[in-house]
Amino acid sequence: MTAAKWTLGALGLALLVALLLAPFASTSPDGLETVAAGKAGFADKFEEPSVAPSPLPDYEVPGVGNQWVSTAVAGAVGTLAAFGLMLGIGRLLTVRRAQRPDPEE
Amino acid sequence: MPDRVLDPSVWATLDVASAGVVAWAARKTGRRLDPRDVPLMGVMTAAIFAGQMVNFPVGFGVSGHLVGAAMAAILMGIGPAMLMMTTVLILQCLLFGDGGLLALGANIMNMGIIAPGVAVLVHSALRGTRVGSAVSSFVAGWTSVVAASAGAAAGLCLSGFPADGVVWPILGWHSVIGVGEGLVTVAALQLVWRTRPDLAPARAKSSKPAEATEAVTA
């Protein structure tokens, strides 16, 4: 298997996790949210949104009624965005060495 | 961690500190990363993002989710791992409103710097011992989550929350959630190493780890 095929396969697997598993994720509060709601008592501050607006708040596509579809689509978008952004940053950082390998390395 | 929980002095300090460390990680990665490993870095980042969406129940009505810092750090090294986690955290903040923008530095410090840093330290400390790669990956995963949660607890204490209501509950829950992290770290690394034997650590089979590593990188 070539590295390129492996990368595509792994990306497919990540997309399957986002599409098929993420909609079934537990909706219980996580560790930090649990503590926030307990004795420490800062649950109200935890509920407040970020100062920055987000296009897909809470991993849902606004206007899509079906919760599963909404989460699956948001998850797939995020997975592809993570791949693309990291690929872009990685290429930018290594571009000079990709063109002309540094003899010192 | 959302925006209005931490004290401004705390999140501002962590924004500056995290920016500095991530800049260091970017420089280190630019110098050391093989350009052929960039797609691997991209696809692992995608997998970590997807994995973080899947909250799993840990009992008592509480859930946990993957951080992924340990698998990133063990597979790619500390510099790339910090960049991978930072990329995931920036996307979660800006695309999904998960984690505050002001608190981004705090979240990067905990999950993008402390978690992979501790994972690398623990994993390399265990490498010299007779412990197998599955056990050292599990322990690195567990420790990375507990260390990240300790960072979150420290941030809350510095913001004026009473330590007794914050520190032990946070460490307690995350020591349970960390078991899930450890298991997923082992499974993910085994899957990668079995399907891409060229990425598996050669040192695991050698009695002289330093020499084996040099032979691979030379």
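Please read all numbers here as calculations on a predicted model, not as lab measurements.

S.K.: In this structure, what is going on with the overall build of chain A? I would like to understand it.
M.R.: A tally of regular secondary structure across chain A gives 4 helices and 0 strands. Along the chain direction, N to C, the helices and strands of chain A fall in the order α-α-α-α. Dimensions of chain A, computed from C-alpha atoms along their principal axes, come out at roughly 60 × 30 × 25 Å. Long-range contacts, defined as pairs at least 24 residues apart, comprise 49% of the intrachain contacts of chain A with a sequence gap of at least 6.

S.K.: Any chance you could explain the overall build of chain B here in plain terms?
M.R.: When its secondary structure is counted, chain B shows 8 helices and 2 strands. Listed N to C, the secondary structure of chain B is α-α-β-β-α-α-α-α-α-α in terms of helices and strands. For 218 residues, the compact-globule estimate of 2.2 N^0.38 gives 17 Å, and chain B sits close to it at 17 Å. Structurally, chain B occupies a C-alpha span of about 50 × 35 × 25 Å along its principal axes.

S.K.: Please explain the interface of chain A and chain B as it appears in this structure.
M.R.: Note: interface size is frequently given as the accessible area lost on complex formation between the parts. The partner chain B presents 56 residues to the 52 residues of chain A that form the contact. Those elements giving two or more residues to the side of chain A that touches chain B turn out to be α1 (3-21), α2 (31-37), α3 (43-47) and α4 (67-99) of chain A. No other element matches α4 of chain A, which puts 17 residues into the side of chain A that touches chain B. Residue classes in the side of chain A that touches chain B are distributed as 32 nonpolar, 13 polar and 7 charged.

S.K.: Would you mind showing me how to read the packing of helix α3 (residues 69-76) of chain B against helix α5 (residues 104-127) of chain B here?
M.R.: Relative placement of two packed helices is described by the angle separating their axes and the distance separating the axes. All names here are of chain B. The interhelical angle for the contact between α3 and α5, taken along N-to-C directions, is 55°, at an axis separation of 8 Å. Classified by the angle between their axes, α3 and α5 sit oblique to one another. Crossing of α3 over α5 shows right-handed handedness. In this structure, α3 uses A69, A70, A72, A73 and I74 to contact α5, whose residues at the interface are M111, A115, P116, A119, V120 and H123.

S.K.: Could you clarify how one ought to interpret the nonpolar core in this entry?
M.R.: Across soluble globular proteins, nonpolar side chains show a tendency to be buried alongside one another. All names here are of chain B. Counting 96 residues, the largest nonpolar core has M44, A69, A72, M84, M85, A115 and A119 as the members making the most contacts within it. The greatest single-element share of this core, amounting to 12 residues, is contributed by α5. In this structure, A72 is in contact with M44, I48, A81, M84, M85 and P116, ignoring residues within four places of it in sequence.

S.K.: What am I meant to see in the pairing of strand β1 (residues 56-59) of chain B here?
M.R.: All names here are of chain B. Sheet topology places β1 next to strand β2 (residues 62-64); 3 bridges connect them, and they run antiparallel. Paired with F56 across the strands is G64, a residue of β2. Between β1 and β2, which follow one another and run antiparallel, lie 2 residues, and F60 among them has a positive phi close to 60°.

S.K.: Looking at this structure, how should I read unusual backbone geometry?
M.R.: All names here are of chain A. Phi angles above zero are rare outside glycine, and D58 is one such case at about 55°. Note on placement: D58 falls in the loop between α3 and α4. Judged by C-beta crowding, with 13 C-beta atoms within 10 Å, D58 ranks as partly exposed. For Y59, which is not a glycine, the phi torsion comes out positive at approximately 60°. Tracing the backbone through its elements, the reader meets Y59 in the loop between α3 and α4. Exposure remark for Y59: the 24 C-beta atoms within 10 Å place this residue in the buried category.

S.K.: What should I look at first to understand the environment of V61 of chain A in this one?
M.R.: All names here are of chain A. Tracing the sequence through the fold places V61 in the loop between α3 and α4. Each C-alpha atom of the pair V61 and G88 lies 25 Å from the other, and the pair is 27 residues apart in sequence. Setting aside residues up to four positions removed in sequence, V61 forms contacts with L56, S70, V73 and A74.

S.K.: For this particular structure, what's the right way to read the confidence of the model for chain A?
M.R.: Looking at chain A, pLDDT values average 89 and 91% of them are 70 or higher. Confidence scores differ between elements of chain A, with α3 of chain A showing the lowest mean pLDDT of 80 and α1 of chain A the highest of 96.

S.K.: What am I meant to see in α5 of chain B here?
M.R.: Helical geometry note: an α-helix holds 3.6 residues per turn, so side chains three or four residues apart project in the same direction. Residues and elements named next belong to chain B. Counted at 1.5 Å a residue, the expected span for α5 with its 24 residues is 34 Å, and the 33 Å between its end C-alpha atoms agrees. The axis of α5 is deflected most strongly, by about 30°, at I114, and proline P116 appears within four residues downstream. The buried fraction of α5 amounts to 18 of the 24 residues, a majority that puts the element mostly inside the structure.

Basis of the calculations
Residues numbered from 1 in each chain as written. Chains lettered and ligands numbered in written order. Predicted model: local features only at pLDDT ≥ 70, side-chain atom pairs only at ≥ 80, totals over all residues. Helix = DSSP H or I, 4+ residues; strand = E, 2+ residues; numbered from the N terminus. Contact = placed C-beta atoms within 7 Å. Rg over C-alpha atoms; globule rule 2.2 N^0.38 Å. Nonpolar A, V, L, I, M, F, W, Y, C, P; charged D, E, K, R; others polar. Axes fitted to C-alpha atoms, helices over the stretch in contact; angles between N-to-C directions. Parallel < 35°, antiparallel > 145°, perpendicular 65-115°, else oblique. Left-handed = near helix turned anticlockwise from the far one by under 90°. Core = buried A, V, L, I, M, F, W, Y, C linked by C-beta atoms within 7 Å. Buried ≥ 20, exposed ≤ 12 C-beta atoms within 10 Å, placed from the backbone. Pairing = 2+ DSSP bridges. pLDDT = per-residue confidence, 0-100. Expected span 1.5 Å × (residues − 1). Bend = angle between axes of the 7 residues up to and from the residue.

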